[in-house]
Amino acid sequence: MPSIWYRTLVQHSLILAAGALVGWLYDGILWGVLFAALGLLAWHLYHLFTLERWLATGEHGPLPDGNGLWAQLFARIEAVNQRRREYRRSWTRLAKEFRRSTKAFPDGGVILTPNLEVVRSNKAARDLLGLKKKRDRGTRIDNLIRHPDFVRYLEQGTSKESAEIPAPGNSGRWLSCRVMPYGVDQKLLLVRDISDSVNIARARRDFVANASHELRTPLTVMTGYLDMMAAAPEFPQAWRGPVAEMGEQAARMERLVQDLLLLSKLESGPPGSRDKAVDIVSILADSVRDVRALTERPQHIELDIGSDARILGEKSDLQSIVENLLSNAVRYTPADGSITVSWQTDDTGGHLCVADTGIGIPADEVPRLTERFYRTDAGRARQQGGTGLGLAIVKHALIHHDGELEIISKPGEGSRFCCHFPPDRLAPAVSAAGLAQ
Ligand code: ADP
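Note that the structure is predicted; figures quoted are calculated from it, not measured.

Definitions and limits used
- Residues numbered from 1 in each chain as written.
- Predicted model: local features only at pLDDT ≥ 70, side-chain atom pairs only at ≥ 80, totals over all residues.
- Heavy atoms only, no water.
- Helix = DSSP H or I, 4+ residues; strand = E, 2+ residues; numbered from the N terminus.
- Rg over C-alpha atoms; globule rule 2.2 N^0.38 Å.
- Contact = heavy atoms within 4.5 Å.
- Areas by Shrake-Rupley, 256 points an atom, 1.4 Å probe, with all protein chains shown as cover.
- Lys, Arg positive; Asp, Glu negative; His and termini not counted.
- Charge placed at Lys NZ, Arg CZ, Asp CG, Glu CD.
- Pairing = 2+ DSSP bridges.
- Axes fitted to C-alpha atoms, helices over the stretch in contact; angles between N-to-C directions.

### Overview of the overall build of the chain
Now for step 1: Each helix and strand counted, the chain has 13 helices and 13 strands in total.
Now for step 2: Over its C-alpha trace the chain gives a radius of gyration of 41 Å, far above what one expects of a compact globule, namely 22 Å for 437 residues.
Now for step 3: Structurally, the chain occupies a C-alpha span of about 155 × 50 × 45 Å along its principal axes.
Now for step 4: Relative to all contacts within the chain whose residues are 6 or more apart in sequence, the contacts with residues 24 or more apart total 58%.
Now for step 5: Surface exposure of the chain reaches about 26,700 Å², of which carbon and sulfur atoms provide 58%.
Now for step 6: Positive and negative side-chain charges of the chain, numbering 54 and 52 respectively, have mean locations separated by a distance of 11 Å.

### Regarding the sheet that holds strand S12 (residues 414-421)
Now for step 1: The strand order S7-S9-S10-S12-S11 describes an open sheet built from 5 strands, whose pairing is mixed. Every other strand in the sheet has two partners, leaving strand S7 (300-305) and strand S11 (404-410) as the edge strands with one partner each. Strand-to-strand twist in this sheet, taken as the mean axis angle between neighbours without regard to direction, amounts to 10°.
Now for step 2: With 7 bridges connecting them, strand S10 (residues 349-356) and S12 associate as antiparallel partners. Bridge pairing in S12 places His 351 opposite His 420.
Now for step 3: Where helix H9 (residues 280-294) meets the sheet, it contacts S7, strand S9 (338-346) and S10, and its direction lies at approximately 170° from that of S7.
Now for step 4: Those strands touched by helix H10 (residues 315-331) are S9, S10 and S12, and its axis lies near 25° from that of S10.

Everything listed here is a matter of coordinates, which is why it stays silent on function.
What follows is the structure in structure tokens.
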């Protein structure tokens with residue numbers, strides 16, 4: 001038993017015994033014990049009263065004095081209070097330090113409710129997004145940042161990594177915005193200034209576009225003269241071979257320049273408009289017909305159309321996608337192989353696939369295929385007349401249509417390239433649209 005309880009027990013027993021002794025002297029032991037017990041009760045009640053008064057003041061004044069068991073109890077309360085004060089002081093210090101460090105962050109952070117209303121933001125976020133601390137608290141973030149790409153990013157449930165948008169207020173800066181789960185059910189919007197990398201990418205794109213553009217005219221002149229030389233009957237026989245070779249290389253350079261120009265247009269241009277509904281079925285039918293007519297390889301090409309839905313977007317971009325995938329399938333499939341071009345729609349959107357029974361691609365190379373100039377077998381690809389830009393063009397044309405490219409391939413068995421378009425990029429066929437009106 002702790003010593004204080006032992007002492008209290010002894011003390012109380014002695015007082016009761018003293019009461020009994022005095023009572024015995026006056027011939028009333030019980031009365032003596034009763035008076036002693038009442039005295040003890042009064043003593044405890046007094047201390048309880050002082051404790052209750054002290055608690056009622058909000059524990060602000062000094063702890064009341066006490067003795068015996070009560071002195072021990074008051075000392076314990078004081079120790080607990082002291083610890084609590086220390087905790088509070090260290091939390092306040094920590095919160096201050098955290099606030100100071102978030103102020104020093106170059107990246108912006110905005111805490112949002114599950115309904116995307118602003119709860120709190122750091123200084124960088126307010127500077128980058130032009131938010132006002134008090135005015136914007138409680139306002140939905142898409143009412144404050146209205147750029148269509150950002151609004152679409154939020155609508156898509158932030159499944160995309162981030163949205164890249166120009167900073168509000170025409171400052172010329174570019175921001176990368178990313179929303180992630182935060183706390184129990186809040187969200188955190190992270191904002192980063194990516195102006196430098198955007199400017200470098202733009203300078204690189206402009207350089208490639210300008211260089212390609214400048215190369216076009218000399219190339220046209222060269223191919224023109226080469227064609228003339230090849231066609232002239234008086235041209236020396238010994239030079240015909242080299243001139244034909246030069247003609248082929250010049251044509252390859254022309255294709256390369258064309259692809260470079262198309263790629264930089266796709267990379268720097270705005271997203272494909274949704275105003276026009278493009279008849280993808282007739283693009284597929286025309287491309288298959290052209291390939292069947294032009295190709296020297298007699299592969300079996302099948303067209304499998306399961307839907308007449310159209311795609312909201314740019315006809316020329318969609319044509320590029322189909323032409324590149326189809327020409328790859330033709331180039332990388334042996335003569336006795338087969339190619340299937342299909343268009344289907346379901347609840348998840350539209351699916352345009354080109355499958356072949358060709359040479360296939362090793363699994364570790366698949367993720368890199370859409371990089372510019374990436375080839376699984378450079379020598380063979382060049383020999384086939386490829387520029388190495390086809391799949392990069394497909395990828396960027398798809399990004400313009402909010403689509404994604406899926407590649408499934410097995411070496412020696414064939415490949416399947418599928419372009420997935422979201423449901424909001426689909427429009428009913430002309431006849432169905434007409435009937436609905
Ligand atoms: P290229 O003009 O060289 O064909 P692409 O960007 O169109 O460039 O394709 C990149 C590489 O992907 C090709 O060099 C080839 O190695 C591989 N590839 C593309 N399509 C197919 C296919 N259908 N079958 C096998 N390999 C393919």
